[in-house]
Structures are given as structure tokens and as C-alpha cells.
Amino acid sequence: MYPVLRIAYEYIKTRNAPKLGLWDTHVAHHYCLPVDIDLWWELNNGRTLTLYDLGRIAMWRLSGTTATRKRTGLGWVVAGASVRYRKRITMFTKLEMRTRTVGFDDKFVYVEQSLWLPDGECANHILIRGAVVKNGKMVPPITLLKEIQPDVQPRVLPEWVHAWADADKIRPWPPVRD
């Protein structure tokens, strides 16, 4: 089940938090709860993606993206993701999540997120490619970003983000059906 109560808790937790700029990093803390674990008693890979949703929701709220969406009808949908799982996360482990917008190109916004263990090691990392949409159609990301911050300046995307985006362009779509 999608964690509706956790979303509500994030809204309550961030209601008086300072506003974030478009390029600021949002830091949040979460626990791996019993509802998050798999058969091996560790954080389920699918639930990891859900926790990352919580980080983006909070970041969007604090950066003004949520209010802008309500005002303009511009939305944001996940259009791709690349995840690296590196460390085991067990039940009741306190996690630090870091979420930041890396930059954008003519089609997508790129968001980087990571979960950190109490000992300072990175447990996993994700790069999300998001599409800005209005009335069910993609629009250039700058449309949304200028609504949030009129003087927004593009950032140079890191080489590894470009490499992932380029590799994804040559990936067959639709996939081969055997």
C-alpha cells in the first residue's frame, strides 16, 4: 500500500521549514519500518523508490513546485530512473535522504537522491529523469522552472548524467517481445 500517512507526516514536518531554492539540497530523515522490509528482512527495493518519492514531494513543496503546479496546471512525472543499491538497510535503521535537482535539458529535469546510513556510508543512489507535463502533454522544463523562479539559469549537467541520457536514447523502444 502506498504510504499515505507518511506523505501526510512529511507535509506536517515541513510546514514551517525554510523555503528551498531550485538548486538547494533537501535533507530528510526516515526509518526503515516493518512495512518496508522484504523476505530477507531488509528494505525492499520497491519501497526504496517510494521513500525517494517522499523526498521529492518534500523538496517540491519547499521549493514552490507544488504551489506552482496548483496555480499553472504544470505537472511533473517520472520518465526514467537509474538506481544503484550498494548497502543493506535493515529494519529500524535511521536513514538520511538527500534530494537535489541536478539540472535540466530541453526535455527533462534530472533529480539526484541518496540514502545514507548512520555510519556515513551511502546505501543507495538514484538519478530520476522527470518530464514536465500540462494537459497530458510534455512541455519544455524551462516552462515550469521559470514559473517557480523567473530568473532561473540553466546548470551544466554533469558528464555522468549526459552519459546516462545518451545511453537511454539508443535503448530500444518498445522492447523486444519474445
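Residues numbered from 1 in each chain as written. Predicted model: local features only at pLDDT ≥ 70, side-chain atom pairs only at ≥ 80, totals over all residues. Heavy atoms only, no water.

*Asks:* What am I meant to see in the pairing of strand E4 (residues 109-116) here?
*Replies:* The side chains of a regular strand alternate, first on one face of the sheet and then on the other. Along E4, seven of the eight residues are buried, which leaves the element largely enclosed by surrounding structure. Relative to E4, strand E3 (residues 94-104) runs antiparallel, the two sharing eight bridges. Note on E4: the bridge partner recorded for phenylalanine 104 is valine 109. Note that E4 and strand E5 (residues 122-134) share eight bridges and pair antiparallel. Residue pairing in the sheet places valine 111 in a bridge with isoleucine 128 of E5. Counted along the chain from E4 to the antiparallel partner E5, the turn is five residues long, and its residue glycine 120 has a positive phi close to 90°. (Buried < 20%, exposed > 50% of the residue type's maximum accessible area, 1.4 Å probe, protein only. Helix = DSSP H or I, 4+ residues; strand = E, 2+ residues; numbered from the N terminus. Pairing = 2+ DSSP bridges.)

*Asks:* How should I be thinking about the packing of aromatic side chains in this particular structure?
*Replies:* The relative placement of two aromatic rings is captured by the distance of their centres and the angle of their planes. What the rule picks out here adds up to three aromatic pairs. Seen from their ring centres, tryptophan 23 and phenylalanine 104 are 6.4 Å apart, and the 5° between their planes marks the pair as stacked. Of this pair, tryptophan 23 sits in the loop between helix H1 (4-13) and strand E1 (26-31) while phenylalanine 104 sits in strand E3, placing them 81 residues apart in sequence. An angle of 80° between the planes, with centres 6.4 Å apart, marks the rings of tyrosine 110 and tryptophan 164 as edge-to-face. Of this pair, tyrosine 110 sits in strand E4 while tryptophan 164 sits in helix H5 (residues 159-170), placing them 54 residues apart in sequence. Across the pair, exposure class does not vary: tyrosine 110 and tryptophan 164 are buried alike. Sitting over the ring of phenylalanine 108, arginine 129 keeps its end group 4.7 Å from the ring centre. (Phe/Tyr/Trp six-rings, centres within 6.5 Å; stacked < 30°, edge-to-face > 60°. Lys NZ or Arg CZ within 6 Å of the ring centre and 35° of its normal.)

*Asks:* Quick question: what am I supposed to make of the pairing of E5 here?
*Replies:* The buried count for E5 comes to eleven of 13 residues, which makes it a mostly enclosed element. In terms of strand pairing, strand E2 (residues 75-85) meets E5 through ten bridges, oriented antiparallel. Residue pairing in the sheet places valine 77 in a bridge with alanine 131 of E5. Sheet topology places E5 next to strand E6 (residues 137-139); three bridges connect them, and they run antiparallel. Across the sheet, lysine 134 pairs through a bridge with lysine 137, a residue of E6. Between E5 and E6, which pair antiparallel in sequence order, lie two residues; one of them, asparagine 135, sits at a positive phi of approximately 55°.

*Asks:* I keep staring at the side chain of arginine 6 and nothing clicks. Help me out?
*Replies:* By the secondary structure assignment, arginine 6 is in helix H1. You can call arginine 6 buried: its relative accessible area is 15%.

Geometric values such as these leave the question of function open.
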